[in-house]
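# A look at the structure
Listed below, chain by chain, are the residues.
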Amino acid sequence: MPEDPAEPSPTVTRTSVLSVARQPRMIGLLLLFLLAAAVCARLGVWQLDRAHERGELQERQAAAERLAAGPEGLGVLLPPQSTFPGDLVGRLAWVEGEYDGSQQLLVAGRALDGETGYLVLTPLRVSDDGTRGASWAGLSGPPVVPVVRGWVDDATGDALLVDGGAGGVGTLAPPDGTVRVTGYVQASEAAGGDDPAGGSTDAISSAVLANAWGGPIYGGYLVVSTSDPAQDGVALLPRPTIEGGEGIGLRNLFYALQWWIFGAFAVLLWARLVRDEARGGVATVDEDPFAAVGDVAHRG
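First, a word on scope: everything that follows refers to the structure included in this document.

### Concerning the overall build of the protein chain
For the protein chain, the count of helices and strands is seven helices and eight strands. The proportion of buried residues among the 300 residues of the protein chain is 40%. By sequence separation, contacts in the protein chain at least 24 residues apart represent 75% of the contacts at least 6 residues apart. Carbon and sulfur atoms make up 57% of the accessible area of the protein chain, which totals about 16200 Å².

In structure tokens, the structure reads:
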């Protein structure tokens, strides 16, 4: 049926988003939603702090448990030529054998108490690792374990390298005869760029050291805690830790993410209300604010 030309067609008036956003009511809602978002953001930061605190507490507890367990034979924890399990980092282990000072190396670029220097790395040919030889029964012979005997400053290390190498020189000579070393277990590092035959290296890599020292070899190394007989000329290092610690408390981290999502949702809800009202009032706060929330959730 044709429309009556005398009767005007209905029109829909749409208000611009900017003009709606400038309305006092919408500004008031924006301030309210921004306050809610700020509260959510602060609660998220608080939960994140709690997550880090829990992670640090877990690391301290794990370290205390490792120390309370006392030293175990290295071969019991880590047989030679085996894959290194990450939870062994920082565990106390003991081993007996004889140092080969002629193949001693300096590991460059290592810091202690904020000062850069060298690690003193010496091969120890093992005679007992707590297994009475069972750990290497099927291998070519007694294994060698890389031992970080301690740390020296740049001046000491540089002087040794200028003299032609780090092998058993002066006060850096390792103890003679059979020694019993107790130390912290650390994982082998990725291969560096320096040739160990040059007297120094930039990484403690079991694969590279096996070529220089001969095998079989352990998949990690020891950082000396105590030595019998005692050693001189080096500073002992602290217990190694897993990089990043034991992580953070995941439950608190999820709570933090939830609070930040809630805060972002408050701001998005205000923007949605402004847009809907500018399009013709599909849903406004005066009509039913919960309907707008449900629509946002349904469309998301």
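### Digging into helix α5 (residues 206-213)
Within α5, burial applies to Ser206, Leu209 and Trp213. Across the axial projection of α5, the buried residues extend over an arc of 60°, all falling on one side. Seen from the open side of α5, the exposed residues pointing more than 90 degrees away from its buried face are Ala207 and Asn211. Each element contacted by the buried residues of α5 is listed here: β3 (105-112), β4 (115-128), β5 (144-153) and β8 (220-228).

### Overview of the nonpolar core
By size, the foremost hydrophobic cluster in this structure holds 20 residues, and its most contacted members are Leu74, Val95, Leu124, Val145, Val181 and Leu222. Listing elements by their share of this core, those giving two or more residues are α3 (74-77), β2 (92-99), β4, β5, β6 (178-187) and β8. Core analysis: the second largest hydrophobic core is formed by 17 residues, Val107, Val148, Tyr184 and Ile204 among them.

### Considerations on the packing of aromatic side chains
Scanning all chains against the criterion turns up zero aromatic pairs. When the ring centre of Tyr99 is taken as origin, the NZ or CZ atom of Arg149, which lies over that ring, is 5.8 Å away. The side chain of Arg180 reaches across the aromatic face of Trp94, ending 4.0 Å from its centre.

### Brief notes about the pairing of β4
Regular strands show a simple pattern: their side chains alternate between the two faces of the sheet. Strand direction decides the pairing type here: β2 and β4, joined by four bridges, are antiparallel. Among the inter-strand pairings, Glu96 is bridged to a residue of β4, identified as Asp128. What sits between the antiparallel neighbours β3 and β4 is a turn of two residues, in which Asp113 has the positive phi angle 55°.

### So, the pairing of β3
Here β3 runs beside β4; their pairing, made up of six bridges, is antiparallel. Bridged to Leu105 within β4 is Leu121. Sheet analysis places β3 next to strand β7 (residues 200-201), joined by two bridges and oriented parallel. Directly across from Val107, in β7, lies its bridge partner Thr201.

### Quick look at the pattern of salt bridges
As enumerated under the stated definition, the model contains two salt bridges in all. Residues Glu96 and Arg180 are paired through a salt bridge, measuring 3.0 Å at the closest nitrogen-oxygen approach. Here Glu96, found in strand β2, pairs with Arg180, found in strand β6; they are 84 residues apart in sequence, far enough to count as distant. The class of Glu96 is partly exposed, set by a relative accessible area of 22%.

### Brief notes about the environment of Ala266
In this structure, Ala266 sits in helix α6 (residues 250-278). Separated by 228 residues in sequence, Ala266 and Ala38 place their C-alpha atoms 10.0 Å apart.

### Quick word on the side chain of Arg149
Among the secondary structure elements, Arg149 is positioned in strand β5. Buried charge Arg149 goes without a salt bridge, the closest partner of opposite sign being Asp232 at 8.6 Å. In terms of polar contacts, Arg149 uses its side chain to reach the backbone carbonyl oxygen of Leu172, at 2.4 Å. For Arg149, the residues in contact, after removing those within four places along its chain, are Tyr99, Gln104, Val120, Thr122, Leu172, Ala173, Pro174, Pro175, Val224, Gln231, Val234 and Leu236.

### Here's the deal with unusual backbone geometry
Residue Pro216 is bonded to the preceding Gly215 through a cis peptide linkage, with omega at -5°. Mapped onto the secondary structure, Pro216 falls in the loop between α5 and β8. A positive phi angle is found at Asp113, which is not glycine, with a value near 55°. Locating Asp113 in the fold gives a position in the loop between β3 and β4. Here Asp113 falls in the exposed class, since its relative accessible area comes to 77%. For Arg132, which is not glycine, the phi dihedral falls at a positive 55°.

### Brief notes about the side chain of Thr122
One can find Thr122 in strand β4. Take Thr122: its relative accessible area is 0%, and that puts it in the buried class. A polar side-chain atom of Thr122 sits 3.1 Å from a polar atom in the side chain of Arg149. Not counting the four nearest positions on each side in its chain, Thr122 is found in contact with Tyr99, Asp100, Gly101, Gln104, Val145, Pro146, Val147, Arg149, Pro174 and Trp213.

How each quantity is defined
- Residues numbered from 1 in each chain as written.
- Predicted model: local features only at pLDDT ≥ 70, side-chain atom pairs only at ≥ 80, totals over all residues.
- Heavy atoms only, no water.
- Helix = DSSP H or I, 4+ residues; strand = E, 2+ residues; numbered from the N terminus.
- Buried < 20%, exposed > 50% of the residue type's maximum accessible area, 1.4 Å probe, protein only.
- Contact = heavy atoms within 4.5 Å.
- Areas by Shrake-Rupley, 256 points an atom, 1.4 Å probe, with all protein chains shown as cover.
- Arc of directions from axis to C-beta.
- Core = buried A, V, L, I, M, F, W, Y, C linked by side-chain atoms within 4.5 Å.
- Phe/Tyr/Trp six-rings, centres within 6.5 Å; stacked < 30°, edge-to-face > 60°.
- Lys NZ or Arg CZ within 6 Å of the ring centre and 35° of its normal.
- Pairing = 2+ DSSP bridges.
- Salt bridge = Lys/Arg side-chain N within 4 Å of Asp/Glu carboxyl O.
- Lys, Arg positive; Asp, Glu negative; His and termini not counted.
- Polar contact = N/O pair within 3.5 Å; in protein donor to acceptor, adjacent residues only side chain to side chain.

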